[in-house]
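# A structural walkthrough
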Amino acid sequence: MDPRGSNSSMLHCKTWQYTRVWIPDPDEVWRSAELTKDYKDGDESLQLRLEDDTILDYPIDVQNNQVPFLRNPDILVGENDLTALSHLHEPAVLHNLKVRFLESNHIYTYCGIVLVAINPYEQLPIYGQDVIYAYSGQNMGDMDPHIFAVAEEAYKQMARDEKNQSIIVSGESGAGKTVSAKYAMRYFATVGGSASDTNIEEKVLASSPIMEAIGNAKTTRNDNSSRFGKYIEIGFDKKYHIIGANMRTYLLEKSRVVFQADDERNYHIFYQLCAAASLPEFKELALTCAEDFFYTAHGGNTTIEGVDDAEDFEKTRQALTLLGVRESHQISIFKIIASILHLGSVEIQAERDGDSCSISPQDEHLSNFCRLLGIEHSQMEHWLCHRKLVTTSETYVKTMSLQQVVNARNALAKHIYAQLFSWIVEHINKALQTSLKQHSFIGVLDIYGFETFEINSFEQFCINYANEKLQQQFNSHVFKLEQEEYMKEQIPWTLIDFYDNQPCIDLIEAKLGILDLLDEECKVPKGTDQNWAQKLYERHSNSQHFQKPRMSNTAFIVIHFADKVEYLSDGFLEKNRDTVYEEQINILKASKFPLVADLFRDDKDSVPATNTAKSRSSSKINVRSSRPLMKAPNKEHKKSVGYQFRTSLNLLMETLNATTPHYVRCIKPNDEKLPFHFDPKRAVQQLRACGVLETIRISAAGYPSRWTYHDFFNRYRVLMKKRELANTTDKKNICKSVLESLIKDPDKFQFGRTKIFFRAGQVAYLEKLRADKFREATIMIQKTVRGWLQRVKYRRLRAATLTLQRFCRGYLARRLTEHLRRTRAAIVFQKQYRMLKARRAYCRVRRAAVIIQSYTRAMCVRRSYRQVLTEHKATIIQKYARGWMARRHFQRQRDAAIVIQCAFRRLKARQALKALKIEARSAEHLKRLNVGMENKVVQLQRKIDDQNKEFKTLSEQLSAVTSTHAMEVEKLKKELARYQQNQEADPSLQLQEEVQSLRTELQKAHSERRVLEDTHNRENGELRKRVADLEHENALLKDEKEHLNNQILRQSKAESSQSSVEENLLIKKELEEERSRYQNLVKEYSQLEQRYENLRDEQTPGHRKNPSNQSSLESDSNYPSISTSEIGDTEDALQQVELQKRVRELEQERKKLQVQLEKEQQDSKKVQVEQQNNGLDVDQDADIAYNSLKRQELESENKKLKNDLNELRKAVADQAMQDNSTHSSPDSYSLLLNQLKLANEELEVRKEEVLILRTQIMNADQRRLSGKNMEPNINARTSWPNSEKHVDQEDAIEAYHGVCQTNRLLEAQLQAQNLKHEEEVEHLKAQVEAMKEEMDKQQQTFCQTLLLSPEAQVEFGVQQEISRLTNENLDFKELVEKLEKNEKKLKKQLKIYMKKVQDLEAAQALAQSDRRHHELTRQVTVQRKEKDFQGMLEYHKEDEALLIRNLVTDLKPQMLSGTVPCLPAYILYMCIRHADYTNDDLKVHSLLSSTINGIKKVLKKHNEDFEMTSFWLSNTCRLLHCLKQYSGDEGFMTQNTAKQNEHCLKNFDLTEYRQVLSDLSIQIYQQLIKIAEGLLQPMIVSAMLENESIQGLSGVRPTGYRKRSSSMVDGENSYCLEAIIRQMNFFHTVLCDQGLDPEIILQVFKQLFYMINAVTLNNLLLRKDACSWSTGMQLRYNISQLEEWLRGKNLQQSGAVQTMEPLIQAAQLLQLKKKTQEDAEAICSLCTSLSTQQIVKILNLYTPLNEFEERVTVSFIRTIQAQLQERSDPQQLLLDSKHMFPVLFPFNPSALTMDSIHIPACLNLEFLNEV
């Protein structure tokens, strides 16, 4: 296209100085310049200043349109849509793309209906799931340009218009076509999804790696270039879910299999297979590295930087598996690919004559080729070097030259690969097919762009021919859309002339065109490329699109729409024929491998793409061509490659013409593959080739700039006068009058029905007028402000001068005063100094005399003092010496007494230790014998030990007394005898001897006493000193401890708050994550449940009956109160119960750990108490108190058992009477008798325990009193304990009887334990014998294994272990089965007996209720209640369905207005309570299950009703609170009143149902949030970003074609912030009126505010037009309004404001300055909640609204990025708008009592009876 083809604006307007223009440049294509003086008519040149300040005299020729293009205003630079530019021409388009690509890093730009995509050669984070969800449902012009926006437009038009769509992706090799097509398919797979579990969307995506492996290769321009074209049809059903897909391929580059240019590669699959050749399953392929094969080493470089071929091969295999290709087929495919490599490496040897050649029979590659394909080696060796010539009469076998053999071998390799390629494509299509009916489809065309190289051959000719056809279709579609827009707006228009390339297409495909002549030449026996070229010269030399080169007779030139291309005719005929010798094909057909033979069948379709497409079109879509089909040629003509391509291309065009096309043009910015590097020459070349500039030219020929009346009025009302605005309020008329006065030429604009249309350049002119108006107003404002500033400055200077004068005069006066004061002070100083000097001399003399006197007197006093001191010290020495002697004597005596005491105490301690050991042994023995009777045995053993001790003590005392008495008698007898003898001897001598002996003993005693006293004194001193040292050390330690404690307290005060906050935050975060994971599981479960129900509905579309007794819960609990063995459970409940069981197990483990922790704490406390209190009396008192409490407890239990026994006797008697009157039941009667016997036995045991405890208490009292009365001397200790205490005779007799009974009981128990012990010993002996046998077996086995090899040992050991585990498993199974059978049997018997007892009680209660029903007539009203109402409601089993229908299914929230909130929950609990009162577990289970199923049914029916959902959320939570509040658990009863405690459940533990209700509450909460978000989401973007909350603040900028997107519905609603607030008020009112807990209300609004924040911020990040200063101001205002609403509703504690922190910071970022380093630091410190990517994205998108505001420079953005490098932000750009905070349901007990609740008559619950 001629760049000057568009009408230059300089021809139609006067150009002034400083106007900027574009001039051609050989390096940069276009260069910007500025006029240095005004242009006048008649001037032959322009004075220009370039950007480097170079002055240029640029010649112009107005008559021949040789004038420069005008440059757009800066405010229009960087637009999302090129058609929004006021001056539409090539330099403007190129500059806009360059600015967006390099400065803003935006790779996508709209150009009318075309999306221009520039390859960044870098991975960008703009294709995640969050971005897909952000573009889903959005209009195309509302968001930044993106491939997802085009895909969403196609998806939306398919759904709205019910018309098939196509996305045409084109561009050069390396421009990113394949990636763009892949992302489009990913979008459809994510948004559409599959309607069933076939995962068809995953299969569609899985086809990409397969096709890239077999159809992509590395070229000099692209490392992953698609060497074929493909068209993928993605099928959708009526609900627009993906149900299948189909792929058509075009013109595979088969020549690449046998030849690659330098630095290029073959197809990826060859290198992937070589990289995986070392795998065991590929050993038979006989492959090595890729450099060893001719077909893969031809290009030189076999690797791609950054690509792992082995890893890619694994992905390819996984994709094949996902698409259903069996492992055997995969191996066959890889064998065929490997055989091609071996075929290319076969060595062919030429013979001497040159006309023949041969292959060595030992050629390894040929052998591998034949082995892998399953063909005969000899035949293939022969027919590779020979060919068969068939004539009418004979058949000849002819040898071939070396070149002919090589060509034949290459042709065979190409044909094998092409057939394999077609087979894989066909298999992929089979895997993607579906049996469901296709409603519509979206096609994605990934086809090669226009190509021109130095040497262009047959492939480039076909590619450019296809691009000619696509360009023709593109031009006609663009023209049609332009004309439709003009007709829709009802403006006059003339036919726009656009380039029609039909003559070029006729040159190629018409009769006797290039392709026809090529086919005719192929049919000639000796046709050559030169002859065909000569025919072209003769036939088409006069055509305007055909030329002959001057210097060649074998080339020809075709003038395409994009450029001239010179084609070299060499090889055209060979490639068009695609000749393969039939003999070689017959050998392959005879292969023993089915897949190889199947590839070359005779009935295989020669044109697979054509027939496949035809079959699809005939079965699923009706495609009608806009032109008649070409007449099919003869059979020989069909074999032509050109004919096949032309046929498939025509079919493709028919399909595209029957769909609505969407265009994506991919641009390659540079040939070096550098990231974000822009080469203007290459870009312009591609823009001209892909039709973008043609779109611009068509748009510029009409009215490219379009404004709605509202936007035009808001933008340009500054140009209007006040009287024009006051005369009328019709904006349309105001715009008309203003435009007519501003633009005099009426052809420059047109008024449409809803828009104003402008010619090119008129918007720029209006922008200039607007800027001039603003400039004048700015000058006026500046003039006034500067005058005011100067006046303020003058006033300030005058005031400052007066102030300075006043201060100067004051300063002079103060200085004079200071001088006078200093003179007077000097005189005073002189007087005082002289006086001071004389006084100092006198004082010096006086002081010397006083010193001499003092020293003399002191000397005399010291002498007298020394004498007195000496005498005093002598006295002290004498005193201490005498004291030391006295203390030593005392210590010696005290030590002797201590030794005696220690010896005596040791004796008593040993006796006590012996008794304790005996007691311990007996107690441990009793513990081993009978663990259950441990406490009783210990108590009895203690009693026996005490009695034995007393008996032993008494016996010892008696023996000691008798022995002492005998010794005394003997001593007296001896003394008497001695005395009698002494009487006979001399008495005086005897007395002297006695006196002498007594004296010696006395002296000896005195000496020993002195020794003891000295020792005692010495040790006492040492101890006192040690005690003093310890006390001192203790004091120091206490001080140090207090100091450290204070220091720790001071430090902990500073750290505790921070650490505690951090720990709390971590704990809260972990708890939130755990709760979030659990609630996500609940959400997934509810989705699976919903999906299951939907599938069940689809399977049974008619009326489906839901069993009323079917439960949604399977109670697999350990509680015997609720039985579910006879009730059917659903599959979804099993998953829920498994989760509940797991939660319950974890809760039990937690309780066990908590109990263990408490026990350890109690044990530690007991140890501390024992250490602190070592006194015997305290322990005895504690034991006595404990025993007394135990006795009281046993007595109360005794009374209770007596009462139960009496009641049981009465019940037995009544039942016996009833059985005698009706029917006898001996089993039940015997059961009751057994229970009676057991109760009697238990009563006897309790009596014995009471007696034992009483005897223990008496013994404890006796020991305590005996301990208090115990005397220190030995004689007193040997007396009887408690001998002086009076014992009551009755108590003593009772205690004696108790001891006797206890002894008898213990004897019986000991006998039983002995028997049991003997049995256990025998059992243990048997086990020991069995273990010995097992050990012998193991030893034998071990000896055997030692003889085996190590591998055999391991295998044998594994077998032995398996057999052992199997036997143990079988044993355990048998044991479990026995236990289960026993348990079932016992449960069944228990149910039978309990049922009979319950029937008896129910019959009695029913009789009483019938009598009461006949006596009283109950009428339920709101005002009246029964006086004796106990808060229970009774109903019959058959009325349960009616109860659920009236109270759940058919209940409307409006029916309960004015009543107690959550009334249905209270009613349901009262019914549950009555079932609990009657001990009817089936009734409880059925009622709760029916209630839960009913609530689920209601929620499914009203899944979009906010009021109904919130109503049942509040009732479900209240029912959950009631089950907790009245469960009997003390943790939930702290706030209950005494009356409420009476309403607790008595028999059943409904913990599992509480968990089910909690999960149901989570599901309802999630549904509530989903409904609220669905109501709010359409309002958010319009209210928060688009609506003018502050009138006149925002300015509308020029918009392009995409704002007229066909997906936008006329008259779309525009919401304001008041609409959101009204909706929020509605939510809040409904939630409060229905009694929902305040904590849940806070969580609801926190979630909604997060959604508002996420949606608004995501749109802000994806909309360039929204990132401006005015938008920031609007956002700040809107957020402040929402915060004010939160404060008004008292919801500020919900944390909703914190969730909007990212949006608040984004609004502040839009308003901050963005120039200096300080501004960058302020932004980094402020935007802490925004990630680095979000900050940079907002700065890149920031757009000034007028020319007075500057753009954000690239250097400033780089500064921001450098300062934010240390942040560890997530890589996610957008916020997850689907994120849901985990909900917490805190326990909130009700203050109401059940008996105070009234049942309104409107509920129709008359069948409920108050109990």
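Computed from a predicted model, the values in this text were never measured in an experiment.

## Structural notes on the overall build of the protein chain
If you tally the helices and strands in the protein chain, you get 50 helices and 26 strands. Looking at the protein chain as a whole, 43% of its 1811 residues qualify as buried. Put simply, 74% of the contacts in the protein chain that link residues at least 6 apart link residues at least 24 apart. As displayed, the protein chain has an accessible area near 102,000 Å², and 53% of this comes from carbon and sulfur atoms.

## Here we look at helix 45 (residues 1669–1688)
An α-helical segment advances 3.6 residues per turn. Residues three or four places apart therefore align on the same side. In a regular helix each residue adds 1.5 Å, so 20 residues correspond to 28 Å; helix 45 covers 29 Å between its end C-alpha atoms and thus fits that length. Of the residues making up helix 45, those classed as buried are Ser-1670, Thr-1671, Gly-1672, Gln-1674, Leu-1675, Asn-1678, Ile-1679, Leu-1682, Trp-1685 and Leu-1686. Buried residues belonging to helix 45 abut helix 42 (1551–1586), helix 43 (1617–1633), helix 44 (1638–1661), helix 46 (1696–1699) and helix 47 (1701–1711). Once helix 45 ends, the next one or two residues include Asn-1690, with phi positive near 60 degrees.

## Looking at unusual backbone geometry
Here Glu-162, not a glycine, exhibits a phi torsion of approximately 55 degrees, which is positive. Note that Glu-162 resides in the loop between helix 3 (147–161) and strand 8 (165–171). Under the relative-accessibility criterion, Glu-162 is labelled exposed at 56%. Positioned with a positive phi, Leu-251 is a non-glycine residue whose angle comes to about 50 degrees. Mapped onto the secondary structure, Leu-251 falls in the loop between strand 12 (242–250) and helix 6 (268–275).

## Some words on the pairing of strand 2 (residues 29–35)
Strand 2 sits mainly inside the fold: 5 of its 7 residues count as buried. Two strands pair when backbone bridges link them, and strand 1 (residues 20–25) and strand 2 are joined in this way by 6 bridges, in the antiparallel orientation. Considered in strand 2, the bridge of Arg-20 is made with Glu-34. In textbook terms, the turn of a hairpin is the stretch between consecutive antiparallel strands, and for strand 1 and strand 2 this stretch comprises 3 residues. By the bridge criterion, 3 bridges tie strand 2 to strand 3 (residues 45–50) in an arrangement that is antiparallel.

## Notes on the pattern of salt bridges
Any two side chains of opposite charge can pair if their charged atoms end up close together. Enumeration over the complete set of coordinates arrives at 37 salt bridges. Close ionic contact of Arg-256 with Glu-264 constitutes a salt bridge, the shortest N to O distance being 3.0 Å. When sorted by exposure, Arg-256 lands in the same class as Glu-264, which is buried. Of the charged contacts in the structure, one is a salt bridge between Asp-1014 and Arg-892, with a shortest N-O distance of 1.5 Å.

## Brief notes about the nonpolar core
Among the nonpolar cores identified, the biggest contains 326 residues, and Phe-188, Phe-270, Phe-369, Leu-412, Phe-556, Ile-1467 and Met-1584 are the most heavily contacted of them. At 18 residues, the largest contribution of residues to this core is made by helix 42. What Phe-188 contacts, discounting residues up to four positions off in sequence, is Ala-151, Ala-154, Tyr-155, Ile-167, Gly-193, Ile-234, Phe-236, Ile-242, Ile-442 and Val-444.

## Considering the side chain of His-1474
Within the secondary structure, His-1474 sits in helix 38 (residues 1463–1477). Those residues within four positions of His-1474 in sequence are excluded, and the remaining contacts are Met-1432, Leu-1433, Glu-1434, Lys-1483 and Val-1811.

## Details of the sheet that holds strand 18 (residues 546–547)
Read from one edge to the other, the open sheet built from 3 strands follows the order 18-19-20, with strand pairing classed as antiparallel. The open sheet has two edge strands, strand 18 and strand 20 (564–568), and neither has a second partner.

## As for the confidence of the model for the protein chain
When pLDDT is averaged across the protein chain, the result is 78; 78% of the residues are at 70 or more. Segment residues 1219–1229: pLDDT under 50, and 10 contacts once partners within four positions in sequence are set aside and those in other chains are kept. Per-residue pLDDT stays below 50 along residues 1411–1427; that stretch engages in 17 contacts with residues further than four places along the chain or on separate chains.

## What to know about the side chain of Arg-71
The topology assignment puts Arg-71 in the loop between strand 5 (69–70) and helix 1 (90–102). Of note is the side chain of Arg-71, whose polar atom sits 2.6 Å from the side chain of Ser-32. Of note is the side chain of Arg-71, whose polar atom sits 3.3 Å from the side chain of His-95. Apart from the residues lying within four places of it in its own chain, the contact partners of Arg-71 are Arg-20, Val-21, Trp-22, Ser-32, Glu-51, His-87 and His-95.

## Observations concerning the pairing of strand 7 (residues 114–118)
Within a regular strand, the side chains alternate between the two sheet faces. Of all 5 residues making up strand 7, 5 are buried, and the element is well covered by its neighbours. Residues of strand 7 alternate between two faces, with Val-114, Val-116 and Ile-118 on one and Leu-115 and Ala-117 on the opposite face, all of them buried. Taking the residues that link successive antiparallel strands as the turn, the strand 6 (residues 108–111)-strand 7 hairpin has 2 residues, and the phi of Gly-112 there is positive, at about 70 degrees. Relative to strand 21 (residues 660–667), strand 7 is paired through 5 bridges, and the arrangement is parallel.

## Regarding the sheet that holds strand 24 (residues 755–758)
Pairing within the open sheet is antiparallel, and its 3 strands lie in the order 22-24-23. A strand with exactly one partner marks an edge of an open sheet, and here the two such strands are strand 22 (705–708) and strand 23 (749–751). Between one strand axis and the next, the sheet turns through 20 degrees on average, direction left out of account. Set on the sheet, helix 25 (residues 709–716) makes contact with strand 22, strand 23 and strand 24; between it and strand 22 the angle comes to about 90 degrees. Strand contacts of helix 27 (residues 731–742): strand 23 and strand 24, with the helix running at about 160 degrees to strand 23, the strand carrying the most contacts.

## Here we look at the packing of helix 40 (residues 1506–1525) against helix 42
For the pair helix 40 and helix 42, interaxial distance at closest approach is 9 Å and the crossing angle is 160 degrees. The angle between helix 40 and helix 42 places the two elements in the roughly antiparallel class. The way helix 40 lies across helix 42 gives a crossing that is left-handed. Contacts between helix 40 and helix 42 pair Phe-1506, Thr-1509, Ser-1510, Trp-1512, Leu-1513, Thr-1516, Cys-1517, Leu-1519, Leu-1520, Leu-1523 and Lys-1524 from the former with Arg-1554, Leu-1557, Ser-1558, Leu-1560, Ser-1561, Ile-1564, Tyr-1565, Gln-1567, Leu-1568, Ile-1571 and Ala-1572 from the latter. Each residue belonging to the contact of helix 40 with helix 42 can be placed in one class, and the counts come to 14 nonpolar, 6 polar and 2 charged.

## A closer look at a negative patch on the surface
The grouping of Glu-1318, Glu-1319, Glu-1320 and Glu-1322 at the surface amounts to a negative patch. Looking at where Glu-1322 falls in the secondary structure, it is placed in helix 35 (residues 1289–1346).

## Regarding the packing of aromatic side chains
Counting across every chain of the model gives 42 aromatic pairs. Measuring from centroid to centroid gives 5.5 Å for Phe-282 and Phe-334, while their planes differ by 90 degrees, and the two rings are edge-to-face. Remark: Phe-334 occurs in helix 9 (residues 327–344) and Phe-282 occurs in the loop between helix 6 and helix 7 (294–297); sequence separation between them is 52 residues. As far as burial versus exposure is concerned, Phe-282 and Phe-334 are alike and both buried. Look at Trp-532 and Phe-556: their rings are 5.5 Å apart centre to centre, the planes differ by 90 degrees, and that puts the pair in the edge-to-face class.

## Regarding a nonpolar patch on the surface
Together, Ile-781, Val-785, Trp-788 and Leu-789 give the surface a local cluster of nonpolar side chains, amounting to about 400 Å² of exposed area. Structurally, Trp-788 is set in helix 28 (residues 762–929). Owing to a relative accessible area of 49%, Trp-788 belongs among the partly exposed residues under this scheme.

## A closer look at helix 10 (residues 364–373)
Along helix 10, the residues that are buried comprise Leu-366, Asn-368, Phe-369, Cys-370, Leu-372 and Leu-373. The elements touched by buried residues of helix 10 are helix 9, strand 14 (357–359), helix 11 (377–385), helix 12 (402–432), helix 18 (582–589) and helix 19 (594–599). Sitting at the amino-terminal end of helix 10 is Asp-363, which places a side-chain oxygen 3.0 Å from the backbone nitrogen of His-365.

## Quick look at the environment of Thr-434
Inspection of the secondary structure assignment puts Thr-434 in the loop between helix 12 and strand 17 (440–446). Between the C-alpha atoms of Thr-434 and Ala-245, which are 189 residues apart in sequence, the distance is 8.2 Å. Of note is the side chain of Thr-434, whose polar atom sits 3.4 Å from the backbone oxygen of Ile-243. A polar side-chain atom of Thr-434 sits 3.2 Å from the main-chain amide nitrogen of Leu-436.

What counts as what
- Residues numbered from 1 in each chain as written.
- Predicted model: local features only at pLDDT ≥ 70, side-chain atom pairs only at ≥ 80, totals over all residues.
- Heavy atoms only, no water.
- Helix = DSSP H or I, 4+ residues; strand = E, 2+ residues; numbered from the N terminus.
- Buried < 20%, exposed > 50% of the residue type's maximum accessible area, 1.4 Å probe, protein only.
- Contact = heavy atoms within 4.5 Å.
- Areas by Shrake-Rupley, 256 points an atom, 1.4 Å probe, with all protein chains shown as cover.
- Expected span 1.5 Å × (residues − 1).
- Pairing = 2+ DSSP bridges.
- Salt bridge = Lys/Arg side-chain N within 4 Å of Asp/Glu carboxyl O.
- Core = buried A, V, L, I, M, F, W, Y, C linked by side-chain atoms within 4.5 Å.
- pLDDT = per-residue confidence, 0-100.
- Polar contact = N/O pair within 3.5 Å; in protein donor to acceptor, adjacent residues only side chain to side chain.
- Axes fitted to C-alpha atoms, helices over the stretch in contact; angles between N-to-C directions.
- Parallel < 35°, antiparallel > 145°, perpendicular 65-115°, else oblique.
- Left-handed = near helix turned anticlockwise from the far one by under 90°.
- Nonpolar A, V, L, I, M, F, W, Y, C, P; charged D, E, K, R; others polar.
- Patch = residues over 30% accessible without salt bridge, like charges linked within 9 Å, V, L, I, M, F, W, Y side chains within 5 Å.
- Lys, Arg positive; Asp, Glu negative; His and termini not counted.
- Charge placed at Lys NZ, Arg CZ, Asp CG, Glu CD.
- Phe/Tyr/Trp six-rings, centres within 6.5 Å; stacked < 30°, edge-to-face > 60°.

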